[in-house]
Structure formats: C-alpha cells, structure tokens
Amino acid sequence: MRDEESTPVRNQAGLGRTLVAAVVGLVYFFPVIWMILAAFKTRADALATPPKLFFTPTLEHFWASFRRVSTDGAQVFDTGLDRNFANSIFISLASVALALALGALAAYGFARLRIVGRDHFMFYILVLRMVPPITAIVPLYVLFRVTGLGGGYIAIILVYTAFNLPFVIWMLRSFLDELHQPIEEAARLDGSSELKILWRICLPQMQAGIAATAIIAFVFTWNDFLFSLLLTSVDTRTVPVAMTRVVGADVGVDWGVFAAIGTIYLLPVLLIAFFLQSQLLRGASFGTVPR
Amino acid sequence: MTGIAVAKISELRAARAASPPAAAFVAPALMVLCAINVLPFLWSIGVSFFHFRADHLTTPPRFLGFGNYLDLITDPDIWEHFVNTGTMIGFSVSIQLVVGALLAFLFHRRFPGRRLVMMLVLAPMLLSTVAVGTFFSLFYDPTFGIVSAVVRPFTGAAYAPLGTPFSAMMSLVAADAWMWSPFVMLLLLAGLDGVPPYLLEAAEIDRASYWRRFWTVIFPAIRSVLLLALLFRTIESFNMFDLIYTITNGGPGTSTESVSTEIYDTAFVLFESGRASALGNLSVFVVIVLTRIYFRAIQLRKEAA
C-alpha cells in the first residue's frame, strides 16, 4: 500500500478536484442509489411515473424478503432467504479457504521448486480461469448427476475452489516472486523443510497479499450466478439465484423485495470497496502489476 | 574433520529427503483442477462427437463424428451469435477503455475524500451481475423505467430500449461498460503510478503541450497495462452471460444472443448436450488464442520491468 504522506507534493490536488470527483462519483453510483432507494419505497412509490425521488421510507420489503404474507393475508410463508444467506456465506468462505490452502502450496511449488514445463502449467492454469464458465457446466452437470453429488455442498464448494484456484495461484506466485529470497536460502541450508519455509518464512511476509487474494476470490464467489443456478438445489441455493426467484415469483415482479435483498447483499462488498481499495488494485491484474 | 563433513552432508541429505518433492506441492491443486475442469473438458470433447442428451442418460449416445461441428459451422445462426458477441465486445470494451482512462486520470491525483469517492466508482464492479442485470431491466422498462421517463418529455411517447435489436444491444453494452470501466480504471491507476515524475517535470519545464506530454511521456508508460486491460476485458466480455440472461434474455428475437447464452439454451433448454459441447469447445478454442496473447503481454511486461 502506498503511503499517502510519501506522495510527492505535485501529486496532490485540492478541493476543486474533490468537487469534480464527487459529482462524477455520484453520477456513476446513481444506479446503486436507485436500487437502495427502491428498497425503501412502497410498491406504489416504486412504480410511480415519473419516478419519485422523495417519498416516505418503509422497511416492509426487508421484512418481506424473509417472511412473505399471502395476498389474502391468511398465511405466512418462509421465503428461505436466511438459509440462502447462510449458504452464500458458508460456500464462499469454505471454497476460498480451500483455494487458498491448495493455491499457496501450488504457488510455492511454481515459484521456488524445479517443475518441468512450469510456464506451460502457468499458461494452462490461466486458460482454465478464462474459458467461458458455461462450457465447464455442461459436463459438470452430468458428472454430478451421475455421481449423485449434485445439489450438495461438496459439489458446489469443489467447483468454486477449482474456479478460484487459477486466480489464487497466479496472485500468490506473484507475491512470492517479490519476497527477499536470501532468508529462505539460509533456512534451506540450515535444513528447514520446504513446507516449513513456506509456512514460517514466506506466508507471514505476505499477509497483505493473501488478504487481497482472499477478498477478490470471495467477491467472485459471492456474486457468482451461473454455477449456483445449475449446480445447487433448494437446500444449497445461494442468494444471487434466490434473487432471480423473487423476480419470477407468483406475485409478479416485486421490485421492492428484490431491491431489499440486493441492498443487504451489497453491504459487505461496499465495505470492501471502501477499506481495501489498494488490494483490489493488485487483484485486478492477477498480481501482475505490482504497486 | 572428514567425519564432520560427512555428518553434515548426510544431515543435509536427510533434510532434502524429509522435504517433499516439488510435485507434492502442486499435486493437490492440480488434482482439483483436473477433477473439476480438465476431466469434464475431455468428456465434453468426447461427447461433442455424439448425439447425446443429458436428460436421457439411459439412451445410448449415437456417434456422429464431426457431425455436430459441421452442423454448427454451417448454421448461419451460430455465425450471427459470434458476430453479436463480437459487436458487443467491440462497443463495450472501447467504452470501458475510454471511461476507465478518464476515471483513472481523475483519481490519479490524491485529493481530500478520495477514498470515499472512489468507493462510489468501484462499487459497480463488485456488485452481483444478477442484481445489476435485473435493475437495469427495470431502468429499461418502457412504462416504469427511468430511461423512458427521461426520453418521454422530448418524444411524447414511452420508449422501450429493449424493443429493437440495436438499442437492446446498446442497453447491454451500457450495463456491461458501467460495471467494468472501474476495473480498467484500477489497472490504469497502477500504470500511471509508473510514469517517471522527472520526465513529467522535464516536459513541464519544456512547456510541452498537454497533448504532447500525454503521447510522449504518459502513454508509453501505460501502454502495457492498457493492453492487459483490453485483452482481459475482451475475454471476460466474450464470456458474458448473466447480464444477457437477466436483461434481454437474448431478445428481441435472437438479436442479443451471445455464444454463452446459446450454449446455455442448447444444453439446458433443448438438452442437446453433444451439440452444446461442440459449441463450447469452439469457444474454448477462441479463448485459448486470446489467452495466449494475454499471457505473452504479461511476459513482455515482466521482461520490461
């Protein structure tokens, strides 16, 4: 992370820049503001023409996204959204943790040890991240149907782990490449095992990098729609898929509820955008553009 | 003397033996990748030579040879999907590069409140594509949508952006470009940090025009990141699925159907798994070529550094 104080003075801009940037930022952010506002509007306000900017806020959609009352008011359904949120959190965390563990080992192997055809491996690992996800899903769908793993947690967690691994390996390898190696050489001469060098010397030095990698992998998984749509069942469904169910629900398109779910789902990601900007920067380039 | 040396060497040997070989480090990750990515891919290469339906697993597949591939490359609709995808990539990625560059120039300098304002700009790329897609489809609604509300006072009639093929495509492009311009901005910010300050100062002292300063000092420094952004966004836009699925669902007609949505329809609506796999393999081939160029660009950048 760049130290704000060390920036040369000529790189400082004044309040004028703040004003311009704030206007640009708000315009850019407008669609998100619109969604958040829609979450607090009554159904009539949300669909008013012309669209309303001022209205009396309501929290009904936030309640309704968890408990839906039938149109005659007699029955209360559990929408299962709490389950979807728990799934999203559990599946994202588990697959990111697994991808980090396996990815750290592999990255160390590719960065420090002799592996024949290393560049070819790195290239094809990158290809695995780049191919259209839909092409992988067609065979996976059949594979999971045949093995009976389909719809379970194991299947979807493994899929996300594999989806995140290429990114994790590329990122962690680039962080390993930047470490000061003589310390490791010394440990190696003293008879440390490679595993111990990775665990005791390398990993503690790259905590910021690991955090960046974990966050971006988390965002990928958190937002993914396609894998979850086709490879999860009612029990393991994540929020992005549940959201589309709200849109197609029997009551018609309930924009308020949709916006409420979207707003809750957006919160962790907004926090990331605020606190971890420099980590995002590193992640955008698969670790290939150092700060 | 010799005894000590021998002891030392055998100790080292023991340490070597105790530390697992390189293969053991990469094997677990490669095993997961093989099971989830490579094997299914090999399977889909196999299946692409057959007539096979995933909803009738008991019906034996019928061998077609290159039948699926011949069908695909002689099908004008498939070419239309590739052309659609290409057009969308062209528009979307160029907009992303321009908007991303403008944002990067705006945010390159430090100013009070920069972190907060940048959060507003970064948010779109961190949103769920489904949420973005569904919300943009509300914006594009002719009756309730905000786009129609803005246009109506001028034309006097409701406007349906998703009504005609070209405007539907531009609506998708707008959503995709909005989401991913911040990504280009991030990459370019890293590039701008690499502009040597002394060169800028020298240019300033020489009273070079801003335009000239840009082309002679700034552009050479960000060229390689710009290339990375271009390639990465091209590949990702090629894979675009969620936005199309939620905003236009391929319509009107099939005018905004991309290669990915076509694979989805073939595989999960028609359940023609063989044909879907063949189309998938064709697009994987396209992506491998693009990734090769991307990989080369990364290596060139590393060598230059």
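About the cut-offs
Residues numbered from 1 in each chain as written. Chains lettered and ligands numbered in written order. Predicted model: local features only at pLDDT ≥ 70, side-chain atom pairs only at ≥ 80, totals over all residues. Heavy atoms only, no water. Helix = DSSP H or I, 4+ residues; strand = E, 2+ residues; numbered from the N terminus. Buried < 20%, exposed > 50% of the residue type's maximum accessible area, 1.4 Å probe, protein only. Contact = heavy atoms within 4.5 Å. Areas by Shrake-Rupley, 256 points an atom, 1.4 Å probe, with all protein chains shown as cover. Patch = residues over 30% accessible without salt bridge, like charges linked within 9 Å, V, L, I, M, F, W, Y side chains within 5 Å. Salt bridge = Lys/Arg side-chain N within 4 Å of Asp/Glu carboxyl O. pLDDT = per-residue confidence, 0-100. Polar contact = N/O pair within 3.5 Å; in protein donor to acceptor, adjacent residues only side chain to side chain. Axes fitted to C-alpha atoms, helices over the stretch in contact; angles between N-to-C directions. Parallel < 35°, antiparallel > 145°, perpendicular 65-115°, else oblique. Left-handed = near helix turned anticlockwise from the far one by under 90°. Buried area = accessible area lost by both parts, 1.4 Å probe. Expected span 1.5 Å × (residues − 1). Bend = angle between axes of the 7 residues up to and from the residue.

Participant: Could you clarify how one ought to interpret the overall build of chain A in this entry?
Facilitator: Broken down by element type, chain A carries 14 helices and two strands. Within the span of chain A, comprising 291 residues, buried residues form 56% of the whole. A separation threshold of at least 6 residues defines the contact pool for chain A, and within that pool the share at least 24 residues apart is 68%. With an accessible surface of roughly 12,700 Å², chain A has 66% of that area assigned to carbon and sulfur atoms.

Participant: I keep staring at a nonpolar patch on the surface and nothing clicks. Help me out?
Facilitator: Residue and element names in this part refer to chain B. Together, Leu39, Phe41, Leu42 and Ile45 make up an exposed nonpolar region whose accessible area comes to about 340 Å². Its place among the elements puts Leu39 in helix H2 (residues 22-47). Judged by its relative accessible area of 52%, Leu39 is exposed.

Participant: How should the confidence of the model for chain A be read in this particular structure?
Facilitator: Atom-level detail of predicted coordinates should not be read off regions where pLDDT is low. Residue and element names in this part refer to chain A. For chain A, per-residue confidence averages 83 on the pLDDT scale, and residues scoring 70 or more make up 87% of the total. When the elements of chain A are averaged for pLDDT, strand S1 (residues 67-69) gives the smallest value, 69, and helix H4 (residues 81-112) the largest, 94. Across residues 1-9 the pLDDT falls below 50, and counting only partners more than four positions away or on other chains, this stretch makes eight contacts in the model.

Participant: Help me understand the side chain of Asn84 of chain B, please; the structure alone is not making it clear to me.
Facilitator: Residues and elements named next belong to chain B. When you line up the elements, Asn84 lands in helix H4 (residues 76-108). Overall, the relative accessible area of 8% leaves Asn84 in the buried class. A distance of 2.9 Å separates a polar atom in the side chain of Asn84 from the backbone oxygen of Ser255. Sequence-distant contacts of Asn84, that is, excluding residues within four places in its chain, are made with Met169, Thr254, Ser255, Thr256 and Glu257.

Participant: Explain the packing of helix H5 (residues 118-130) of chain A against helix H13 (residues 273-304) of chain B here, please?
Facilitator: Each pair of packed helices can be described by the angle between their axes along with the distance between the axes. Contact pair H5 of chain A / H13 of chain B: the axes reach a minimum separation of 10 Å and the direction vectors enclose 125°. Comparing the axis directions of H5 of chain A and H13 of chain B gives the class oblique. Between H5 of chain A and H13 of chain B lies a crossing of right-handed hand. Between H5 of chain A, through Asp119, Met122, Phe123, Leu126, Val127 and Met130 of chain A, and H13 of chain B, the contact on the second element is made entirely by Val287, Ile288, Thr291, Arg292, Tyr294, Phe295 and Gln299 of chain B.

Participant: Just checking my understanding: could you explain the environment of Val127 of chain A for this structure?
Facilitator: As for its position among the elements, Val127 of chain A is in helix H5. As for Val127 of chain A and Pro166 of chain A, which are separated by 39 residues in sequence, their C-alpha atoms are 8.5 Å apart. Every residue in contact with Val127 of chain A, bar those within four places of it in the chain, is listed here: Ile288 and Thr291 of chain B.

Participant: Sorry, what's going on with the environment of Thr58 of chain A here?
Facilitator: Residue and element names in this part refer to chain A. Assignment of secondary structure puts Thr58 in the loop between helix H2 (43-46) and helix H3 (60-64). For Thr58, a relative accessible area of 14% puts it in the buried group. Placed 20 residues apart in sequence, Thr58 and Ala38 show a C-alpha to C-alpha distance of 9.9 Å. Those residues in contact with Thr58, other than ones at most four positions away along the chain, are Ala39, Phe40, Lys41 and Thr42. Within polar-contact distance, the side chain of Thr58 engages the backbone nitrogen of Glu60 at 3.0 Å.

Participant: I'm lost on the interface of chain B and chain A in this one. Help?
Facilitator: Interfaces are frequently sized by the accessible area removed from exposure as the parts join. Listed by partner, the interface residues are 100 residues for chain B and 107 residues for chain A. When the two sides are added together, the surface that chain B and chain A hide from each other amounts to roughly 9,300 Å², 77% of it contributed by carbon and sulfur. It is Phe25, Arg110 and Leu126 of chain B in chain B that bury the most area against chain A; as a group they hold 9% of the surface buried on that side. Measuring nitrogen to oxygen at the nearest pair gives 3.3 Å for the salt bridge that ties Arg129 of chain A to Glu236 of chain B. At the surface where chain B touches chain A, the tally comes to 13 residue pairs in polar contact (both at pLDDT 80 or more). At 14 residues, H2 of chain B tops the list of elements feeding residues into the side of chain B that touches chain A.

Participant: Any chance you could explain helix H5 (residues 114-126) of chain B here in plain terms?
Facilitator: The periodicity of an α-helix, 3.6 residues per turn, causes residues three or four positions apart to be oriented the same way. End to end, H5 of chain B covers 18 Å across 13 residues, agreeing with the expected 18 Å (1.5 Å per residue, within 8%). Along H5 of chain B, the largest kink reaches about 35° and is centred on Leu120 of chain B; proline Pro124 of chain B follows within four residues of it. H5 of chain B sits mainly inside the fold: 11 of its 13 residues count as buried. All of the buried residues in H5 of chain B are Arg114, Val117, Met118, Met119, Leu120, Val121, Leu122, Ala123, Pro124, Met125 and Leu126 of chain B. Contacts from the buried residues of H5 of chain B go to helix H1 (15-39), helix H10 (207-223), helix H13 (255-275) and helix H14 (277-284) of chain A together with H4 and helix H8 (165-193) of chain B.

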